[in-house]
Structure formats: structure tokens, C-alpha cells
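Structure at a glance
This is what each chain is made of:
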Amino acid sequence: MLNQISQETPVAVNASDASAVEAATPMARCVIVLDKDLPVGRLANAAAVIALTIGQRHPELVGGALVDASGFAHPGLIPVGIAMLGAAQADLHKLRSDALAAGCDVVDFPLEGQLTKNYEEFQSAVAVIDPADMKYVGVALVGQKKPISKIVGKLELLK
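A brief look at the structure comes next. Note that the structure is predicted; figures quoted are calculated from it, not measured.

Points about helix α2 (residues 40–57)
Across its 18 residues, α2 extends 26 Å between first and last C-alpha, which sits within 8% of the 26 Å expected from 1.5 Å per residue. Among the residues of α2, those classed as buried are Leu43, Ala46, Ala47, Ile50 and Ile54. Viewed along the axis of α2, the buried residues span an arc of 95°, placing them on a single side of the element. Of the exposed residues in α2, the ones pointing more than 90 degrees away from its buried face are Leu52 and Gln56. Buried residues along α2 sit against β1 (28–35), β4 (83–87), β5 (105–110) and β6 (136–144).

Some thoughts on the sheet that holds β4
Pairing within the open sheet is mixed, and its 5 strands lie in the order β5-β6-β1-β4-β7. Single-partner strands in this sheet number two, and they are β5 and β7 (156–157). Pairing of β1 with β4, which is carried by 5 bridges, proceeds in the parallel orientation. Bridging across to β4, Asp35 finds its partner in Ala87. In the packing of helix α3 (residues 89–101) onto the sheet, contacts are made with β1, β4, β5 and β6, and the angle to β6 comes to roughly 25°.

Some words on the nonpolar core
If you look at the biggest cluster of nonpolar residues, it comprises 18 residues, and the most contacted ones within it are Ile32, Leu34, Ile50, Ile54, Phe109, Val137 and Ala140. Among the secondary structure elements, those contributing two or more residues to this core are β1, α2, β5 and β6. In terms of residue count, α2 provides more of this core than any other element does, 5 residues in total. In this view, Ile32 contacts Ala47, Ile50, Ala51, Ile54, Ile82, Ala83, Met84, Leu85, Val139 and Ala140; residues no more than four positions away in its chain are not counted. By size, the runner-up hydrophobic cluster in this structure holds 16 residues, among which are Val31, Ala83, Tyr136 and Ile148.

Points about the pattern of salt bridges
In this structure the tally under the stated criterion is 3 salt bridges. Here Lys94 and Asp98 are joined by a salt bridge, their closest N and O atoms 2.8 Å apart. Of the two residues, Lys94 and Asp98 are both situated in helix α3; the distance of 4 residues between them amounts to about one turn of the helix. A relative accessible area of 53% means that Lys94 is categorised as exposed.

What counts, and at which threshold
- Residue numbers restart at each chain and count upward from 1, following the sequence in its written direction.
- Under the rules for a predicted model, residues below a pLDDT of 70 receive no local features and side-chain atom pairs below 80 are neither given nor counted, while totals for whole chains, interfaces and linings still include all residues.
- Water and hydrogen atoms play no part in the side-chain values, which are based on all heavy atoms of the structure.
- Secondary structure counts use DSSP, requiring at least four H or I residues in a row for a helix and at least two E residues in a row for a strand, with both numbered from the N terminus.
- Residue count minus one, scaled by 1.5 Å, sets the expected span of a helix.
- For every residue, the accessible area obtained with a 1.4 Å probe (protein chains only) is divided by the maximum for its type, and the residue is called buried under 20%, exposed over 50%, and partly exposed between those limits.
- Summarising the geometry, the arc corresponds to the directions from the helix axis toward the C-beta atoms.
- Residues count as neighbours in contact if any of their non-hydrogen atoms are within 4.5 Å of one another.
- Pairing between strands requires that DSSP locate at least two bridges from one strand to the other.
- Note on geometry: axes are C-alpha line fits, over the in-contact stretch for helices, and angles between N-to-C directions span 0 to 180 degrees.
- Take the buried Ala, Val, Leu, Ile, Met, Phe, Trp, Tyr and Cys residues and link them wherever side-chain atoms come within 4.5 Å; each set so joined is a nonpolar core.
- Criterion for a salt bridge: a side-chain nitrogen of Lys or Arg within 4 Å of a carboxyl oxygen of Asp or Glu.

Laid out in C-alpha cells, this is it:
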């Protein structure tokens, strides 16, 4: 079995994975802000695409395996949580700029990603857009808690 932990292989499961991640990334906060007017399918798509890139860019945010009572190891998840917030599409550009100015790592998802049929077409579409005219379906911020809280403090959770 792929995720089954062998009886012969001892596995250390650290109950304080969240504390370890927070210690490695002081005051770590991760939020994803999505265009609140997206239809639910596109909202889910944007969240998934952005989250995948966050995991690739910040592997330290992925916690240790979750081992159930049978010894089955479920993949580690993010122990610090990800707030899913909504904003008007028109506000995402400024939010992104503010986050970059505050020193956050930003993962943005340009609108063209949901309007094109393949990645090459997506790249070509983005290549001709002036940065000031870029529109986003979502933006993620990863960084210290205080600056991120200041940037997203007035936004509401997606419902």
C-alpha cells in the first residue's frame, strides 16, 4: 500500500508540526483573496491553482503526515491554515501591489488563466498586457502576520 506505514518502519509523528512551521517561518500567515463575484467552479479553480503554487514555493508550510489509528499516513496539510477571503476584482490589483510593497511573497492568478485553453496561450496572453492593466481572479499573500493583516483586515471570508 502506498501510504501504509510498515510496522517495521518507525515513524516519528510530531504533534507540534504547526509550532515547528511557525518557528521556521516567524509570524507566518497565508491568505488567498479571490474575486468574490466568480462563479463557484472558477472560484474553486482559482483557489486550487494558487494553493498548488504556494505549496511549491513554500514547502515549509506543509505539515508532517497525518497518521490515523490504523497507521495509514495521510499527506501533510498546512498547519497554519489559509484564510479564504473575497474582494472585488477591481481591488485585487491594489491588494497585490500593497502586498509586494510590504515584502510579502505574492502568488497572483491573472484573469487570462481562465480565458485560455492551454498554458502556452495563457503565457502569450499575459505577455502583451501592461502590468497596470492586469486583472486577477485571485491573489495569495504569504509572509509576516502583521503586514498581511493590515492589507486584508477589512476583507470578509468567502461564504
